[in-house]
Each structure stands twice: as C-alpha cells, then as structure tokens.
Amino acid sequence: MDPYKITEPESALESPLYQSQVPLTATKYPLSLLSPYSISITNFPSTPRSIHLSPFLSRLMSRGSTATMMIRPLGFLVFLLLSAISLCGAKIVYPISDSHRSAALELFSPSFESLEEAYEALRTFEVLEVETNNYRSTQACQSVLDTLGSSSSDVKDIYYALRVQKILKCDAGWENVKDVTSKLQSTISGASSLSDFYFSVGSLVLIKELDIDAEVKLEDANGVFRSIKSLGQSDGRWRYNSNNPESSTRAAGIAIEALAGVVSLAPLDIDLSLIGSVKTSIAKLFESIEKYDDGALYFDEKIVDARDYQGPLSTSSSVVHGFVAFADVTSEAINVPREKLLGLAKFFLCVGIPGNSHDFYSQIDSLALLERNNFSIPLILSLPSTVLSLTRKDQLKVSVNTVLGSSAPPVSVRLVQAAISGSKESPIINNQELRFDSGSGFHVLDSLPESADVGHYEFSFRVDLPDADISSFYATGGITKVSFYLTGLTRLEGAEIAILDSDHESIDTKNKLELAGKNSVALSANHLQKMRLTFTLSSPLGNAFKPHQVLLKLRHETNIKHVFVIGNSGKQFELILDFLGLVDKLYYLSGRYDIELTVGDAVMENSFVQPLGHINLELPTAPEKAARPSPQPVDPYLRYGPKAEISHIFRAPEKRPPREVSLVFLGLTLVPLGGFLIGLLSLSVNLKGFPTSAVPAIFAILFHLGIAGVLALYLLFWLKLNLFMTLKILGFLGVFLLFTGRKILSHLASVSAKSKSA
C-alpha cells in the first residue's frame, strides 16, 4: 500500500459529517469512518450502531446454497425487516417516547379487516394512552356482536372479539353466552393442537374477567393441563400439535400462557408436580436465550421453516406473554434471573420503531407486561446525550425510568468509573454519586474534573435502590457501561509550508500559515524539489492529540485529486512530498495544483477543511509506458441539468404595401372566379341531368359533398393541418368519392343507354 495515498473514496472528505460533533466509529484507515459505502443506523444522534444479519438469516445462509435459495423468494423487504430487528448493538437504550405514539397513528388504520387487527390497534393505543375515537365505532362493536352471536364463528374469532369487548366495553347482549361457553369447553375437550387450547382457554379466561353472569370453570383442569404439557419438549420448547415433530420457542410462550389460563379456571388447585414441571420448562427455556454484546436478550427459533418464521421480536413477545401470565397465577417463585427480564426489555427497546403494525403491537404489549408484571420490573438507564462539550462545560445527565417512560421509584445513580476507552491510564472519576434534580428528573454531575481532556471515554454507571423493601421488585442490571465523547477546541499552532531543495537543508520558499483565517500561498517547484508542511496540534489541556483525519489534498487543474496522510510525532505533524518519487503518482502532469488541508475528529469542535493556496509544478515529460489518469467522472448536473438560456432577437418584419393596393390585388384574385361563372352561363349549364330517383339522388348529393370536403381540406391544409394529416384524411375522402362517384356514373350511363335505345 502506498504510504502516501488514501485508497478510500475522496468524496468522503467533503461530507458535512466531517465537521459534525456526533461521534463516529474509528476504523483502520482514517477515511473509512466517512466512507459513502458504509452504513450506520442510529436510534439516537450520539449512539452509533451497526447493522448485521439476524441470527436466523445467519444460520440459514450458513447451511449452503439450498438454504440460500430458500431465502430469495422471501424478497429483499423481508431481509431488511429481519436485519432491522438485529440492530441492538448500542450500549444504551431509551424508553418509549412520543415518537412511538406518532408511529402508532401512522401504522394502524381505523379500517380493519379482522378483529385481530382491531384488537392489536386498540391494545397499542391503550398502552400508549393515545385517543382511539376512530376505533370506538359501531363497526367494531357490531363485529363483536356478530362474532359472538354466530354459531359458525371459530374459537380464534371469539377470542379476539372478547379482547375487543374488554377494551371497548360495547353494549353487547350476552343471551347466548352459555352457548359460547359450551362451545369453548367442547373445543377444549376435543382439542389436538396448541392453537385450539390457546384460543379456547383464553376465551374462557376473558369471559371470567368480563364478570358475565355465567359459570366458567374447567372440571377436568388437570387433564387439560396434562394434554397441553404433553406437547412440551425436554429443552423447554413446545410443538404446535402432536403430528408435528418440530418444536418451537414461540409455541412454548403460547403453551405457557394457555397453561396459566388453565390454572386460573381450575375449580381446585392444580397438581403441584405439574406446576413444578412447567417452572422447570420455563427455566430451561430461558437457558436458551440469546444475547447481544450490550446485554439485550432475545428468543429466536433454532430450526424453523422459513415460510413460518416470524422473527425474534414475535418469538420473544410470545415467551414474555407466557412467562408473565404464569407468574401471575402461581405464588411460588420461578427460577429465572431477574436480570433476564431487563435484558428482554432492552431488546424490545433497542429495536426502535418496527416497520409493521403486528411487530409494533408485539413490542408495545410486551413492554407493558414487563412494566406491570409481578416478578420483576425492569428499570432503564438512559442519557439525553453521550457527547459532552468541555468548551460549554456541559453537565452529565442521567435518567432512570420504566420501559414505558414512567417515573422510577427513588433510586441513586453512581458513576463508578470514567476512563479513556482502551487506555490503562487512571480513571478521571471514581465512585461518584450523581445529584438528583427533582425539577428536571435527571441525576446530574455538575462538572467534569479539571483533568478531563477530549477523547473517547467509557463511563460505568450503577443504579441502586435505597429502599430494601422494593429492591426485590425491580431489576436495575448492575453496572451499565456507556461510551462517551468529550469534545473541545484543540490548539493548532506553528503552521508552515516550504519548498525545499533535494538536500532538505536549502529552503527555496517558506510561508507561514494562519489556519484560523484565510490563506492564499502561491508556490512553484520542479520535480527535483520537495514540499514540506509542518504544524503542532494539542488538546485543550496541552496534551498530544492525533485526530482521525489529518490529510493534505492536491487537486490538479484537470480535477485529478491526490490525498496524502500527514504523520506525527507527539504534537508535531509533518509531511514531506518528494516530487521526484511522486511523478508516477502525479501522472507526470505539470501545471497548477490547489492545496487543501483537512484536520478533523469526532471530538474536535474546530475541525476544518482549509484551502491553503496553490503550487505550480514542472514535471518531466511522461514516458510512453507511464500510467495515465483514469477518465474523470462527468458531473451529471452539467450533462442533464438545465442549459443556459438562449436569447434570440427576431428580425424586424418587412414593410408591407398600403391597404388599398392589397385590396386591389384581392379583387384581381377573384376575377378568375367570375370568369368561371360567366363561362358556365355561356355554356348553358343546368341541372336537368341531376337524378330524380331517390337512391341515385342521394349518391349524387354525397358525391358533390365529397368534392366540397376535398376543397375544405385544402383550405384547412393551408390554415392549420400538416401534410401528413392532410394525406391521411384525403385517403378516406378519396375512397368515399370513388364509391359514390362510381354509383352516380353507373346511374348516368344506364339512363343514357335507355334514352339511346328508346
């Protein structure tokens, strides 16, 4: 690799991100962090994230070309959807905010195709506390009445009708509630699939919760419990039915929620051994949970048909529903670490805003269950910004909320450590408790220590619950590590640019540069000389500082550009360009080169791209086999953009004759017409030969009208029509004249023949 030159796309230098204070992820080569070929998705401006394949796609594509072919029919949209669910790579997440409420109004339409869609919308709006007047219509309640009153409704429709009824509280008549209950219980008795158990048991639980005057209970609750449990596997997952040997994590969540419903409907206590076996299955299921680097946890299918795959968001939501429901109906503790619920909460939050209504509902409903569960309520530590300016003396602010953004119980936030990322230097902060500001609701560090310098830091926070009585009801996650960027104004001094002779001692030209202002140096050199650029750069505290980009760009008058990396030794930065060794790189192109200096970093508040002036180079003639510059891309705006306006002055109209002369000539043009009429009179032209019979007379009239049409066409050709239109119309008129003319001429010939024979 050429030690002078950067191989990344040069256009990155001109990106407006270059001077942004938003931290970017540094890579091996300086320009790569601004490369237009890289993709970065952020959930918050100061929180870098990265894209990678979802675990399902990674496993599926690793199975070979056959599995890859299975993916292709799913389409690129599905690929993006599954990949988007895997964006949990940040160190910090944020609770539900107003952006989710706005997204809910856009994702859910007031017109729904099924009661399932209506329930998902109503439940989402209920959790987010969004007005649902558009959904509180007679249409939704009528659908509920029709479903509950029809004997042909399946158990799934009944389940979602009861769900909608629980939210809307429609004025429903429950005359046939006994028939519905009887149908549900008979479905449970003959159920063979997990979905039949789930919707039937869930519907009975809803009828019980709606407090309808109906006796709802399962007489053989232990038998139903065993029937559902028989579909379970040793690893905690469940099968959808006894005929399907493939087990599923999502099915496990559905089964556990159904078992919780059986427990709540049982007239007597369920056998404790059955309850214990389910708790064991739940514990094993949580052992298979997958993890991101930031502590976010999620469930995903291990082996599943690509056509039925619904992604980790739906799978994790199913498990959360089952776990919370079972924890609510059992008094004994479940052997699941509380921090795993916090990890699941982080996963649902780090997804951001899903792109379809079903996933959005799964996210919001799962977070609502986690916030109100009886096992452990996750608390989320978030920060309004992970970029602090030393120049403005920004305060460090931390907030602690529930997953839906509600206020947390009284907590203390301690900054355990703040140290430069990847450095072995002593931390700048150790074990300092943040001050709680009751007005803003933030835990605040009023000021950073004087030893804090610009750079990339790692802050470690710990949330503590002072009240021991409530500490067991909340999960705080222990130590939370967050990447921080401290920004400030760097000092750039002693900038000089000089032309040296080959011995490095003789200075031909030397210019001082004022990089804070404008520079316009004019240099000249030949291929035997060198150009040297030097300056010193230090942090606000005077320490050595190396930005991510310190580059010099030469742009030839033909728009060919060359970029060079400026090296450093401590605070001193120096670049020496030996033109004799660079003639090949410069393509032996003599002429004017504009000089531009770029110095920038994510933590520099005074990053800049500064034109320094120009240099005229005299290089030797290129040998025959010398490399030639590649054709420069043509600016599409110059090729396809608007052209310059063309100004045209028409010549002055020629002088016309007087009006009287024009009228005389008009009269002369009418003289032939008069002569024509006089000639007709002199020849005694008359209409005695015009046919008197009806049919021949009609053809005669049509023939003369056709001739008049041809004359009118000539007039239109003169005034308006072009030659092609005229010929097209004349073709039709010609056929018409040929037909009518033949008819009338045949009639005249027959009349003439009869008169002669007579």
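A few points on the structure. None of these values were measured; they are calculated from a predicted model.

Some thoughts on a nonpolar patch on the surface
Together, Leu663, Leu666, Leu670, Leu673, Phe676 and Leu677 line one region of the surface with nonpolar side chains, adding up to about 620 Å² of accessible area. You can see Leu663 is positioned in helix α19 (residues 659-682).

With respect to the pairing of strand β18 (residues 521-526)
Of the two faces of β18, only one is covered, namely that formed by Val521, Leu523 and Ala525; the face formed by Ala522, Ser524 and Asn526 stays uncovered. Bridging between β18 and strand β25 (residues 608-618) involves six bridges; their strand directions are parallel. Across the sheet, Asn526 pairs through a bridge with Glu618, a residue of β25.

Quick look at the side chain of Arg237
Counting through the fold element by element, Arg237 comes out in the loop between α10 (221-229) and β1 (238-239). A polar contact is formed between the side chain of Arg237 and the side chain of Asp235, at a distance of 2.9 Å. Ignoring anything within four residues of it in the chain, the contact list for Arg237 reads Gly232, Ser247, Ser248, Thr249, Ala252, Leu285 and Lys302.

Focus: the pattern of salt bridges
This structure, assessed with the given rule, holds 16 salt bridges. Two residues, Arg123 and Asp365, come together in a salt bridge whose shortest N-O distance is 2.6 Å. Of this pair, Arg123 sits in helix α5 (residues 115-128) while Asp365 sits in helix α15 (residues 357-371), and the two are 242 residues apart along the sequence. One exposure class covers both Arg123 and Asp365, and it is buried.

With respect to the sheet that holds strand β20 (residues 549-556)
Strand order in the open sheet made by the five strands is β18-β25-β24-β20-β21, with mixed pairing throughout. With partners counted over all chains shown, the strands left at the sheet margins are β18 and β21 (561-565), one partner each. Averaged over all neighbouring strand pairs, the angle between strand axes comes to 25 degrees, with direction disregarded. With nine bridges connecting them, strand β24 (residues 591-600) and β25 associate as antiparallel partners.

Structural notes on the packing of helix α12 (residues 272-287) against helix α13 (residues 311-329)
Packed helices, taken two at a time, are described by the angle between their axes plus the distance between the axes. Where α12 contacts α13, the axes come no closer than 12 Å and their chain directions differ by 145 degrees. Considering how the two elements wind past one another, α12 and α13 form a crossing that is left-handed. Contacts between α12 and α13 involve Ile275, Val278, Lys279, Ile282, Leu285 and Phe286 from the first element and Val319, Phe323 and Phe326 from the second.

Side note on the sheet that holds strand β16 (residues 491-500)
In spatial order, the strands read β17-β16-β19-β23-β22; together these five strands make up an open sheet with antiparallel pairing. Each edge of the sheet is formed by a strand with only one pairing partner; in this case those strands are β17 (507-512) and β22 (567-569). Each strand of the sheet is rotated relative to its neighbour by a mean of 20 degrees, with strand direction disregarded. Pairing of β16 with strand β19 (residues 530-538), which is carried by eight bridges, proceeds in the antiparallel orientation. Paired with Ala498 across the bridge in β19 is Arg532.

Points about α12
With 16 residues, α12 extends 23 Å between its outermost C-alpha atoms, agreeing within 8% with the 22 Å of an ideal straight helix rising 1.5 Å per residue. For α12, the complete set of buried residues consists of Leu274, Ile275, Val278, Lys279, Ser281, Ile282, Ala283, Leu285 and Phe286. On its buried face, α12 sits against α10, β1, α11 (249-265), α13 and α14 (338-350). The residue sitting at the N-terminus of α12 and contributing the capping side-chain oxygen is Asp271; that oxygen lies 3.1 Å from the backbone nitrogen of Ser273.

A closer look at the side chain of Glu496
Looking at the element boundaries, Glu496 is found in strand β16. Judged by its relative accessible area of 18%, Glu496 falls in the buried class. A polar side-chain atom of Glu496 sits 2.9 Å from a polar atom in the side chain of Lys512. The contact partners of Glu496, leaving out residues within four places of it in the chain, are Lys510, Asn511, Lys512, Leu513, Arg532, Leu533 and Thr534.

Brief notes about helix α20 (residues 694-719)
Its 26 residues place the ends of α20 37 Å apart at the C-alpha level, agreeing with the 38 Å of an ideal helix rising 1.5 Å per residue. If you check which residues of α20 are buried, you get Pro696, Ala697, Phe699, Ala700, Gly706, Val710 and Leu713. On its buried face, α20 sits against α21 (723-757).

Some words on the packing of α5 against α15
Taken N-terminus to C-terminus, the directions of α5 and α15 make an angle of 45 degrees; their axes are 9 Å apart at the nearest point. Taken as axis vectors, α5 and α15 run oblique relative to one another. For the pair α5 and α15, the sense of crossing is left-handed. Counted together, Tyr119, Glu120, Arg123, Thr124, Val127 and Leu128 of α5 and His358, Phe360, Tyr361, Ile364, Asp365 and Ala368 of α15 form the full contact between these two elements. Classifying every residue of the contact of α5 with α15 gives seven nonpolar, two polar and three charged.

Conventions and cut-offs
Residues numbered from 1 in each chain as written. Predicted model: local features only at pLDDT ≥ 70, side-chain atom pairs only at ≥ 80, totals over all residues. Heavy atoms only, no water. Patch = residues over 30% accessible without salt bridge, like charges linked within 9 Å, V, L, I, M, F, W, Y side chains within 5 Å. Areas by Shrake-Rupley, 256 points an atom, 1.4 Å probe, with all protein chains shown as cover. Salt bridge = Lys/Arg side-chain N within 4 Å of Asp/Glu carboxyl O. Helix = DSSP H or I, 4+ residues; strand = E, 2+ residues; numbered from the N terminus. Buried < 20%, exposed > 50% of the residue type's maximum accessible area, 1.4 Å probe, protein only. Pairing = 2+ DSSP bridges. Polar contact = N/O pair within 3.5 Å; in protein donor to acceptor, adjacent residues only side chain to side chain. Contact = heavy atoms within 4.5 Å. Axes fitted to C-alpha atoms, helices over the stretch in contact; angles between N-to-C directions. Left-handed = near helix turned anticlockwise from the far one by under 90°. Expected span 1.5 Å × (residues − 1). Parallel < 35°, antiparallel > 145°, perpendicular 65-115°, else oblique. Nonpolar A, V, L, I, M, F, W, Y, C, P; charged D, E, K, R; others polar.

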